[in-house]
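# Overview (structure and organization)
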Amino acid sequence: MTYAYDPQNIFARILRGEIPNRTVLETDHTLAFHDINPAAPVHVLVIPKGAYVSFDHFAAKASADEIVDFHRACAQVCEMVGVAPGDGFRAITNSGKSGMQEVPHYHLHILGGKVLGPLIAR
Ligand code: 5GP
């Protein structure tokens, strides 16, 4: 499987410092920042620094170091923003057209700070 990565996507531009962001955490392989249009009181996006289009791309192709760094960063972010340990959160990733992914750089949404309701509308 090959994945076409668009280096002009907005998160690539954030990673290059071309667009500002409100950083929560930066590690060797990962950046976490507040979503510009939060859907909940806590809404942080966690992205790998590498050029991965989606969750499946990252899971298939990222190095073990990148994968561990990313998930450890997620755990740290959850603690930093007070959702875990705490009242909990939801981690969501959208992929492709059916997932309604807007930005084609893998990102995990960490949402919390209120009861979030059902997973999807039926
Ligand atoms: P997706 O629909 O791809 O899963 O989510 C993209 C997310 O990126 C949306 O929640 C949107 O608000 C957020 N977003 C889009 N552009 C920017 C930006 O320039 N800065 C930040 N911080 N978030 C953005």
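A brief look at the structure comes next. Computed from a predicted structure; not experimentally measured.

Cut-offs used in this document
- Within each chain, residue numbers correspond to sequence positions counted from 1 in written order.
- Restriction of local features to residues with pLDDT of at least 70 applies here, the model being predicted, together with a cutoff of 80 or more for giving and counting side-chain atom pairs; totals for whole chains, interfaces and linings are based on all residues.
- Just so you know, side-chain values use all the structure's heavy atoms and leave hydrogens and water out.
- Put simply, two rings from Phe, Tyr or Trp (the six-membered ring, in Trp's case) pair if the centres are within 6.5 Å, and we call them stacked under 30 degrees between planes, edge-to-face over 60, tilted for the rest.
- Strands here are runs of E lasting at least two residues and helices are runs of H or I lasting at least four, both read from the DSSP assignment and numbered beginning at the N terminus.
- Here's how the labels work: a residue is buried when its accessible area is under 20% of the maximum for its type, exposed when over 50%, partly exposed in between, all with a 1.4 Å probe on protein chains only.
- Any two residues whose heavy atoms approach within 4.5 Å at even a single point are treated as in contact.

## Overview of the packing of aromatic side chains
One pass over the full model with this rule turns up six aromatic pairs. Residues phenylalanine 70 and tyrosine 106 carry aromatic rings whose centres are separated by 5.2 Å and whose planes lie at 35° to one another, so their mutual orientation is tilted. Linking phenylalanine 70 in helix α3 (residues 64-80) with tyrosine 106 in the loop between β4 (89-92) and β5 (108-112), this pair joins segments that are 36 residues apart in sequence. For the pair shown, phenylalanine 70 and tyrosine 106 are each scored as buried. By way of ring pairs, the aromatic residues Tyr52, Phe55, Phe58, Phe70 and Tyr106 are connected into one cluster.

## Notes on the side chain of histidine 107
Within the element layout of this structure, histidine 107 appears in the loop between β4 and β5. On the basis of relative accessibility, which here comes to 5%, the residue histidine 107 falls in the buried class. Those residues in contact with histidine 107, other than ones at most four positions away along the chain, are Phe11, Leu45, Val46, Ile47, Ile92, Thr93 and Gln101.

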